[in-house]
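Residue-level listing of the chains:
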Amino acid sequence: MLTTALAAIAAFEVVFFSKHDKTLFGFVKILWVQFLFKHRIYNIWLCSKLHHCTFTTMKSDQFPFNLPSPLEKLHLPGRDLWIKRDDLIHPIVSGNKWRKLKGFFQILVPGEPITTFGGAYSNHLPAAAFAAKHFGHPIIGVVRGEELNARSNGLLAYCQSQGMALEFISRSAFKFLREQGWTGYRGRILPEGGAGPHALEGCGEIWRELADEPDHLVLASGTCATVSGILAAMPPHCKTQVHAVSAVKGALKEHTAVQQQASAKHITLHWEDEIHFGGFGKWSPSLLEEDKKFEKSTGIPLDPNYNGKVWAYLQRTSLEGKVVWIHTGGVRF
Ligand SMILES: Cc1ncc(COP(=O)(O)O)c(C=O)c1O
């Protein structure tokens with residue numbers, strides 16, 4: 001259906017007028033954009049445009065990144081909220097992805113192969129695929145779910161289009177690998193979600209980009225690499241209270257580690273694990289509805305896995321003083 005519609009618009013363009021007819025050409029371009037937005041493939045479209053505009057003017061070892069990410073003030077009914085738009089860093093290496101990957105790519109030797117891991121809807125896999133291609137590293141993506149293939153969703157198709165070799169394994173094998181620390185694969189291992197000691201420095205930059213110390217810093221958490229990097233960059237006894245909204249059910253090990261890290265620096269960490277809506281990849285129709293309303297009133301998209309849950313947390317929690325929400329991105333394919 002999608003392919004037919006795309007082909008029909010393209011044929012219309014070619015058959016009915018030439019690009020010299022500016023009015024008609026403009027009209028069809030508007031149709032194209034409406035179509036792409038309707039079918040939510042604008043990330044891929046935007047990405048290709050962005051590459052086109054920026055790669056030509058950048059040095060080959062740089063990404064076209066929007067850094068430092070902007071800090072915007074939202075005037076919402078009954079409250080002011082600041083939002084750090086890490087989602088605008090890059091269309092694919094979005095949110096905390098480059099923050100986590102930067103240190104990893106710095107330690108690689110040229111052409112070193114990489115193996116990484118993720119779920120079929122992981123934001124990490126496309127980001128790693130894009131970065132590996134850009135820096136010239138072959139990459140294997142080990143995906144949770146032996147029943148899947150590269151055509152199972154747009155995200156996996158994108159990974160393959162970037163040259164990532166996909167390998168599909170059972171959920172139990174994936175769980176075993178996670179418990180064993182991702183051993184047994186060739187090349188440099190990039191753990192699930194891009195987590196690892198290499199991520200600390202890059203995630204710490206989120207904190208260092210803030211001009212002052214807010215009263216509250218709120219962000220989504222999965223592996224806790226981002227929270228941990230931020231805590232590592234904060235000074236001891238910092239007045240800023242950190243709120244980590246876990247998108248994952250029962251992340252006990254991760255919670256314990258960051259709670260100890262915060263306590264050692266006398267920083268208050270609030271751990272929220274009641275708003276995961278049943279676990280990773282789960283949400284409710286009302287959550288989607290609220291996210292849509294938020295997007296409509298602010299123009300800022302939220303993914304239901306992570307930032308949608310942060311918004312649900314903020315709606316239920318009253319916080320005094322300056323509140324900064326770190327928008328950790330999330331790509332829709
Ligand atoms: C959009 C988004 N937000 C938040 C997170 C959680 O980050 P972390 O795993 O560093 O806790 C992820 C996972 O990497 C993510 O994709």
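Overview of the structure.

Definitions and cut-offs
Residues numbered from 1 in each chain as written. Predicted model: local features only at pLDDT ≥ 70, side-chain atom pairs only at ≥ 80, totals over all residues. Heavy atoms only, no water. Pairing = 2+ DSSP bridges. Helix = DSSP H or I, 4+ residues; strand = E, 2+ residues; numbered from the N terminus. Axes fitted to C-alpha atoms, helices over the stretch in contact; angles between N-to-C directions. Contact = heavy atoms within 4.5 Å. Salt bridge = Lys/Arg side-chain N within 4 Å of Asp/Glu carboxyl O. Buried < 20%, exposed > 50% of the residue type's maximum accessible area, 1.4 Å probe, protein only. Right-handed = clockwise from strand over helix to strand, strands pointing away. Near = heavy atom within 4 Å. Polar contact = N/O pair within 3.5 Å; in protein donor to acceptor, adjacent residues only side chain to side chain. Areas by Shrake-Rupley, 256 points an atom, 1.4 Å probe, with all protein chains shown as cover. Nonpolar A, V, L, I, M, F, W, Y, C, P; charged D, E, K, R; others polar. Domains from an automatic or database assignment.

Points about the sheet that holds strand 4 (residues 139-144)
Here we have four strands laid out as an open sheet, ordered 5-4-3-6, and parallel in their pairing. Edge positions in the sheet fall to strand 5 (165-169) and strand 6 (188-190), since each of these pairs with one other strand and no more. Taking each pair of neighbouring strands and ignoring which way they run, the sheet shows an average axis angle of 25°. Pairing of strand 3 (residues 114-118) with strand 4, which is carried by five bridges, proceeds in the parallel orientation. Looking at strand 4, one finds that Thr115 is bridged to Ile140. Each of strand 3 and strand 6 touches helix 4 (residues 96-107); the most contacted strand, strand 6, lies at about 180° to it.

Some thoughts on the side chain of Gln162
With respect to the helices and strands, Gln162 occurs in the loop between helix 6 (154-161) and strand 5. Among all residues touching Gln162, those that are not within four sequence positions of it are Ala129, Phe130 and Lys133.

Considerations on the pattern of salt bridges
Per the counting criterion, the structure on display carries 16 salt bridges. Residues Glu72 and Arg85 are paired through a salt bridge, measuring 3.1 Å at the closest nitrogen-oxygen approach. With Glu72 in strand 1 (residues 71-76) and Arg85 in strand 2 (residues 79-85), this residue pair connects regions lying 13 residues apart in the sequence. Overall, Glu72 belongs to the partly exposed group, its relative accessible area being 26%. Since its relative accessible area comes to 7%, Arg85 is described here as buried. A network of salt bridges, in which partner residues are shared, links Lys84, Asp86, Arg99 and Glu209.

Looking at unusual backbone geometry
Geometrically, the link from Leu67 to Pro68 is a cis peptide bond, its omega value of -5° lying close to zero. By secondary structure assignment, the location of Pro68 is in the loop between helix 3 (42-54) and strand 1. Residues other than glycine seldom take positive phi values, yet His237 does so here, at roughly 60°. With respect to the helices, strands and loops of the structure, His237 is situated in the loop between helix 9 (225-233) and strand 8 (241-246).

Observations concerning the side chain of Asn305
Of note, Asn305 is situated in the loop between helix 11 (285-298) and helix 12 (307-316). Overall, Asn305 belongs to the buried group, its relative accessible area being 10%. Not counting residues up to four positions away in its chain, the partners in contact with Asn305 are Ala247, Phe280, Gly281, Lys282 and Trp283.

A word on the environment of Leu67
Its place among the elements puts Leu67 in the loop between helix 3 and strand 1. Sequence separation between Leu67 and Glu209 is 142 residues, and the spatial gap between their C-alpha atoms is 9.1 Å. Beyond its immediate sequence surroundings of up to four residues, Leu67 is in contact with Ile89, Trp98, Arg99 and Glu209.

Re the pairing of strand 7 (residues 216-221)
Judged by how many residues are buried, strand 7 sits mostly within the fold: six of six residues are covered. In the sheet, strand 7 pairs with strand 8 via six bridges, with the strands oriented parallel. Paired with Ala220 across the strands is Val245, a residue of strand 8. Considered for its hand, the β-α-β crossover made up of strand 7, helix 9 and strand 8 is right-handed. With three bridges joining them, strand 7 and strand 10 (residues 323-327) adopt parallel strand pairing. In the strand pairing of strand 10, His216 is matched with Val323.

What about helix 8 (residues 199-208)?
Among the ten residues in helix 8, seven count as buried, and that is most of the element. Three or more residues of helix 8 are buried, namely Ala199, Gly202, Cys203, Gly204, Glu205, Ile206 and Trp207. Residues of helix 8 that are buried make contact with strand 2, helix 4, strand 7, helix 9 and strand 10.

Brief notes about the site of the ligand
With respect to spatial proximity, 14 residues lie near the ligand, and among them Gly222, Thr223, Cys224, Thr226 and Thr328 are the closest. Take Gly222: an N or O atom from its main chain is 2.7 Å from an oxygen atom of the ligand. At a separation of 2.6 Å, an oxygen atom of the ligand approaches a polar side-chain atom of Thr226. Burial of the ligand by the protein amounts to 97% of the accessible area it has alone, namely 390 Å². Ranked by residues supplied to the shell around the ligand, first place goes to helix 4 with three residues. Classifying every residue of the shell around the ligand by side-chain character gives three nonpolar, nine polar and two charged. Each of domain 2 (71-95 + 200-327) and domain 3 (97-194) accounts for three or more of the residues forming the shell around the ligand.

Brief notes about the sheet that holds strand 8
The strand order across the open sheet built from six strands is 1-2-10-7-8-9, with neighbouring strands paired in mixed fashion. Strands at the two margins of the open sheet, each flanked by one partner only, are strand 1 and strand 9 (269-272). Strand-to-strand twist of the sheet, defined as the mean angle between neighbouring strand axes without regard to direction, takes the value 25°.

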